[in-house]
Amino acid sequence: LFTFGDGAFGVLGHGDQESVWYPKEVQLLTGLKTIKVACGVWHTAAIIEVACQYGSNSSSWKRFTWGDGDMHRLGHGNKETYLQPTRVAPLMEYNFHQVECGHNMTIALTTSGHVFTMGGTEHGQLGNPMSLGKIPTLVQDKLLGEFVEKISCGAHHVAILTNKSEIYTWGMGANGRLGHGDVEDRKSPTLVVALKDRNIKNVSCGSNFTSCI
């Protein structure tokens, strides 16, 4: 993993807050394979392949976060700033396939098709009305029994694609970004009915809009 640019809040993962003008390898992860990486405004999340504690021939894909921990967006149970990649302890038992960062939240998709969210709650973007955002929380409700294949998030909203080619969205609804024909916020996963039976293959969120193919 290489990072460069503004080092405020330790977002580059080099153990300090210095800016870096050229790509620099994140030394803490030397020798480890980075599977996926995502950047928020002032925090970073990655999926790192690590050796299993038992059995030298097996490995697992774990979630690491670092940078500004405000609003608990890093998933470590506090609001501290982390200057280096740190494994998210509450999610140790899971393997991850994808990770995404919003403005003040982080979402992650397990290899078993489950979605975890953490961070700010003001627009319902965590997809779980009971979540305080302090620790990673499983998104269920309408997703219970569904297998999620892809996740994406904008600044304050989330869109996911299931293996049934259905799109669910939640979070901030301003400007119609959730696709439900209104501008209301949604605190739980809500099926985008207008795309049902459309055989959707991919979904992606901009800061305040969503697109599907």
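Quick caveat: nothing in here was measured; it's all calculated off a predicted structure.

J.: Can you help me understand the overall build of the protein in this one?
T.: Across its full length, the protein carries 0 helices and 16 strands. Computed over C-alpha atoms, the radius of gyration of the protein comes to 17 Å, within 12% of the 17 Å expected from 2.2 N^0.38 for 213 residues, which places it in the range of a compact globule. With respect to the principal axes defined by its C-alpha atoms, the protein has extents near 45 × 40 × 30 Å. Relative to all contacts within the protein whose residues are 6 or more apart in sequence, the contacts with residues 24 or more apart total 45%. Within the structure as shown, the protein displays about 10,400 Å² of accessible surface, and the carbon and sulfur contribution to it stands at 52%. Side chains of the protein give 18 positive and 19 negative charges; the mean places of these two sets differ by 5 Å.

J.: Which parts of the structure should I look at to understand the sheet that holds strand E4 (residues 43-51)?
T.: Picture the strands of a sheet paired through backbone hydrogen bonds; they go either parallel or antiparallel. Read across the open sheet, the 4 strands follow the order E3-E4-E5-E6; overall the sheet is antiparallel. The outermost strands of the open sheet, each flanked by one partner alone, are strand E3 (33-39) and strand E6 (82-87). In this sheet, adjacent strand axes meet at a mean angle of 20° when their direction is disregarded. Here 6 bridges tie E3 to E4, and the two strands are oriented antiparallel to one another. Considered in E4, the bridge of Val37 is made with Ala46.

J.: Could you clarify how one ought to interpret the sheet that holds strand E7 (residues 96-101) in this entry?
T.: The strand order across the open sheet formed by 4 strands is E7-E8-E9-E10, and the pairing between neighbours is antiparallel. Two strands in the sheet have a free side with no partner beyond their single neighbour: E7 and strand E10 (137-138).

J.: Can you walk me through the pattern of salt bridges in this structure?
T.: In a structure, side chains of opposite charge can pair up when their charged atoms sit close to one another. Applying the stated criterion to the full structure yields 4 salt bridges. Between Arg186 and Asp182 there is a salt bridge, and its shortest N-O distance comes to 3.0 Å.

Cut-offs and rules
- Residues numbered from 1 in each chain as written.
- Predicted model: local features only at pLDDT ≥ 70, side-chain atom pairs only at ≥ 80, totals over all residues.
- Heavy atoms only, no water.
- Helix = DSSP H or I, 4+ residues; strand = E, 2+ residues; numbered from the N terminus.
- Rg over C-alpha atoms; globule rule 2.2 N^0.38 Å.
- Contact = heavy atoms within 4.5 Å.
- Areas by Shrake-Rupley, 256 points an atom, 1.4 Å probe, with all protein chains shown as cover.
- Lys, Arg positive; Asp, Glu negative; His and termini not counted.
- Charge placed at Lys NZ, Arg CZ, Asp CG, Glu CD.
- Pairing = 2+ DSSP bridges.
- Axes fitted to C-alpha atoms, helices over the stretch in contact; angles between N-to-C directions.
- Salt bridge = Lys/Arg side-chain N within 4 Å of Asp/Glu carboxyl O.

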